[in-house]
Each structure stands twice: as C-alpha cells, then as structure tokens.
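Commentary on secondary and tertiary structure
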Amino acid sequence: MTLGRFAPSPTGILHLGNLRTALASWLSARKGGGRWILRMEDVDGLRCRRNLGEAQLRDLAALGLESDVPVVWQSEHSQTYREALARLHGAHRIYPCICTRKDLQALASAPHTEDGLRPYPGHCRDRVWEGFDRALRLRLPEGPLTWEDRQLGSQVDDPGSLTGDPLLFRRDGCFAYHLAVVVDDGAQGVTEVVRGADLRFVTATQIRLQEALGLPRPAYAHLGMVMAPDGSRLGKRAGALGLEALGARRITPEECLGWLGWSLGCLERPMPCAAAELVEAFNWSRVPTGEVRVPETWA
Ligand code: GLU
C-alpha cells in the first residue's frame, strides 16, 4: 500500500508550487487506496518557526489535505537522528570533519558546480573518530547511481558530484536535512516521495544514505516547478502566492484546487472543486513534466 508524504520546512508560507506538490502526493496516495502523512521539517532551528508550520497546516487543511497520523515535527526527534548517526559510526560510514567554511572556500582546485558550490574534496576522510561533538560527514561510495523517477524517467547521478561527502551533523548540534529526511522516511514507512524538481539533485545522495542505513528505497516523483506569470520563481516570503494572497483577490480554495488539479492533468479546464473529486482522474502518466505558470490574473 502506498504511503505518501508531504514534508515542508516551516520557513515561510506555502506557495502554489508547494501546494501543487502536496496535492499531487495526496492524490497519488489516495488513488492507490493508500495513506498520506504530513511532516514538518524544522531541524534547522535558526530558519524554522513553529507558527509558520501551523499556518502551513491550516492552509493544507483548507484544501482538504490532512495527515492520516499526528504530524511529526522533526525538532522533537533528535534522539532518532542521534541513533542513526551511531549506527553509521558502527558501520564506519561517517567521519569527523574539522574543515571550516573558510578552508572550503580556499580550495581553488575543486571544480565549480552549477550553483557555484564546490563538492567537498574529502580532506578529513582519514581523521580518527573524536565523538559526536564534531561535524560529521557520510563517506560516499564511488561511482554513479541509477534510479527511476515517475516524472523524469530513468536517472543516473554521481551522488558526490554536487556536494561530495555530505554533512549529516553540524558542529553547532544541528542535524542535516539529508539525515532527517532519510531517517524519517524510513521510520515512517514512506513508499513514495513526491517533491519539486528543485530537489531532484539531492536524490542520489539520499539513496546512498538509505543504503548505508539499510532502509528501503521509496518511489520518486519530481514535479515540474510552478512559476510566476513572468517566469520567475515563486518565493515563500510573506505575501507570496499562497492561499492568503489568493483569498485577498477573492480566489477560493476550491478555485485554487481546480487550477492545481487541471495543472496535474486531472481536469480538462480549471473549475472549482474539492480535492476528493480529483482522485479518480489522477494518473502519473497524465501529469505534465514541464514547468507551469500561474494565471496572469492571480499574480
Ligand atoms: N523539507 C523540504 C523542503 O521544504 C522538502 C524535503 C523533501 O520533500 O524531501 O524543501
């Protein structure tokens, strides 16, 4: 049985792109008679706010998207992440890293990647274990990894090419996104990960981490992005294109669902509806793979 999930970070409002991802994962789970859960990814205490997460849950509920189990807030799960790190340490898969941001910036020889980041060159790979009060990195195995994506088809990635050995634990005590996502998807029994195409590039690293922890691989679907009418990316800042801003323009949650459902290939044209009315027509083969633009009149 499918167990789908939507896992936003409470760093701002949910814009139409986030809501489309949430709806697609909900429809996919419901279509297969499966269950759907919500998880709040608030491990980064500096960027995340409880009140923003609660507002996100209210917006999802206004669309009829509610978790089948009590919502997990990652900030309350430190112990699980610590245990996963201990397991990885037992399997010799993590090592302490003492490189500072300055050290990493000074490494001129490493190739630049698309977004200007350099992959971590593995300077500390041979450092001896010094305990859990150091930054910790996953030792990635060499070589490419293949995986299937419901939207993008067969994918081949070298997990280390963007980040090198990823950080799993920061010196300031914060657990990294990769660790929390993989541990929770495994612990919650998630079988299908639906998210925006902007997160496609983290997938190979997360699969390597699943393998290191002996966790099963979920199915993946990375959705094309929703863009503003002028082609720019949507933001999560206050006033961005979410339910509240649309409500101020007298666009109802039902109209919003109709547009989202149409953009996911469930309706021939946008028309007001409830989420449950879209379930029958939902089919991954009908979900367009490219970007979608918000209607001019909504922005
Ligand atoms: N928390 C992530 C975000 O809001 C999504 C993580 C995921 O879906 O794997 O960008």
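That block above? That's the structure.
I will try to describe carefully the structure that is included in this document. Nothing here was measured: the structure is a model prediction, and the numbers come from that model. (Residues numbered from 1 in each chain as written. Predicted model: local features only at pLDDT ≥ 70, side-chain atom pairs only at ≥ 80, totals over all residues. Heavy atoms only, no water.)

1. Looking at the overall build of the protein
Spelled out, the test is: In this text, helices come from DSSP runs of H or I with a minimum length of four residues, and strands from runs of E with a minimum of two, each type numbered from the N-terminal end. Every radius of gyration here is taken over C-alpha atoms, with the globule rule written as 2.2 Å times N^0.38, N being the number of residues. Each residue's exposure class comes from its accessible area (1.4 Å probe, protein chains only) as a fraction of the maximum for that residue type: buried when under 20%, exposed when over 50%, partly exposed otherwise. Exposure was quantified through the Shrake-Rupley algorithm and a 1.4 Å probe, taking into account, for residues, occlusion by the shown protein chains and nothing else. Charge counting treats Lys and Arg as positive and Asp and Glu as negative, with His and both chain ends excluded. Think of each charge as sitting on NZ of Lys, CZ of Arg, CG of Asp or CD of Glu.
Helix and strand counts for the protein stand at nine helices and 12 strands. In terms of overall size, the protein behaves like a compact globule, its C-alpha atoms giving a radius of gyration of 20 Å where 299 residues would be expected to give roughly 19 Å. Considering only C-alpha atoms, the protein reaches an extent of 60 × 40 × 40 Å along its principal axes. The buried share among the 299 residues of the protein stands at 50%. By element, 51% of the accessible surface of the protein is carried by carbon and sulfur atoms, the whole surface being about 14,200 Å². Charged side chains of the protein number 36 positive and 36 negative; the gap between the two group centres comes to 3 Å.

2. Description of the sheet that holds strand 5 (residues 135-138)
By definition, the strands of a sheet pair up through backbone hydrogen bonds, in either a parallel or an antiparallel sense. Keep this limit in mind: Paired strands, as defined in this entry, are two strands with at least two bridges between them according to DSSP. Note on definitions: angles span 0 to 180 degrees between N-to-C directions of axes, and those axes are lines fitted to C-alpha atoms, for helices only across the stretch in contact.
With antiparallel pairing, three strands are arranged side by side in an open sheet as 4-5-8. Sheet topology places strand 4 (94-97) and strand 8 (167-169) at the edges, where each strand pairs with a single neighbour. With strand direction ignored, the average angle separating the axes of adjacent strands in the sheet is 45°. Relative to strand 8, strand 5 runs antiparallel, the two being bridged by two bridges. Counted as the bridge partner of Leu136 is Phe169 from strand 8.

3. Remarks on the pattern of salt bridges
As a reminder, the rule being used: A carboxyl oxygen of Asp or Glu within 4 Å of a side-chain nitrogen of Lys or Arg is what we treat as a salt bridge.
The final tally for this structure, using the stated rule, is 17 salt bridges. Here Asp157 makes a salt bridge to Arg200, at a shortest N to O gap of 3.2 Å. One end of the pair, Asp157, is in strand 7 (residues 153-157); the other, Arg200, is in the loop between strand 9 (192-196) and helix 7 (203-213), with 43 residues separating them in the sequence. Across the pair Arg217 and Glu211 runs a salt bridge, and its minimum N-O distance is 3.5 Å. Owing to a relative accessible area of 41%, Arg217 belongs among the partly exposed residues under this scheme. When its relative accessible area of 40% is taken as the criterion, Glu211 is described as partly exposed.

4. So, unusual backbone geometry
We note that His92 has phi near 60°; this positive angle belongs to a residue other than glycine. Examined against the element boundaries, His92 turns out to sit in the loop between helix 3 (78-90) and strand 4. Exposure remark for His92: the relative accessible area of 62% places this residue in the exposed category. One non-glycine residue, Arg250, lies in positive phi territory at about 65°. The residue Arg250 is located in the loop between helix 8 (243-248) and helix 9 (253-263) in this model.

5. Some details on the packing of helix 3 against helix 6 (residues 177-188)
Here is the rule we go by: We call two directions roughly parallel when the angle between them is under 35 degrees, roughly antiparallel when it is over 145, roughly perpendicular when it lies between 65 and 115, and oblique otherwise. Contact between two residues is taken to exist if any of their heavy atoms lie within 4.5 Å; hydrogens are not considered. Under the grouping applied here, Gly and all other residues not named as nonpolar or charged are polar, the nonpolar ones being Ala, Val, Leu, Ile, Met, Phe, Trp, Tyr, Cys and Pro and the charged ones Asp, Glu, Lys and Arg.
Where helix 3 meets helix 6, the axes come as close as 10 Å, and the angle between the chain directions of the two elements is 95°. When the axis of helix 3 is compared with that of helix 6, the two are roughly perpendicular. Side by side, helix 3 and helix 6 meet where Thr80, Tyr81, Ala84, Leu85 and Leu88 of the first sit next to Leu179, Ala180, Val183 and Asp184 of the second. When grouped by side-chain class, the residues that make up the contact of helix 3 with helix 6 number seven nonpolar, one polar and one charged.

6. Points about the site of the ligand
Formally: The nearness test applies per residue and asks whether one of its heavy atoms lies within 4 Å of the molecule or strand. Distance and chemistry together define a polar contact, namely a pair of N or O atoms within 3.5 Å, with one atom able to donate a hydrogen and the other to accept it when in protein, and with adjacent residues in sequence counting only for side-chain atoms on both sides.
The environment of the ligand is made up of Arg5, Ala7, Pro8, Ser9, Glu41, Tyr177, Val181, Arg195 and Leu199. One of the backbone N or O atoms of Ala7 is found 2.8 Å from a nitrogen atom in the ligand. The separation between an oxygen atom of the ligand and a polar side-chain atom of Tyr177 is 3.3 Å. Notes on the ligand: free accessible area 300 Å², of which the protein chains cover 81%.

7. Some details on the side chain of Gln210
Looking at where Gln210 falls in the secondary structure, it is placed in helix 7. For Gln210, a relative accessible area of 4% gives the class buried. Not counting the four nearest positions on each side in its chain, Gln210 is found in contact with Val182, Leu215, Pro216, Arg217, Pro218 and Tyr220.

8. Describing helix 7
The element helix 7 is extensively covered by neighbouring structure, given that 10 of its 11 residues are classed as buried. Buried within helix 7 are the following residues: Thr203, Ala204, Thr205, Gln206, Ile207, Arg208, Leu209, Gln210, Ala212 and Leu213. With its phi angle positive at about 70°, Gly214 sits one or two positions after the end of helix 7.

9. Brief notes about the environment of Ala55
On the secondary structure map, Ala55 appears in helix 2 (residues 50-62). By relative accessible area, which is 28% here, Ala55 ends up partly exposed. Put simply, Ala55 and Ile13 are 42 residues apart on the chain and 7.5 Å apart in space, counted from C-alpha to C-alpha.

From the geometry alone we can't say anything about function, so treat these as descriptive.
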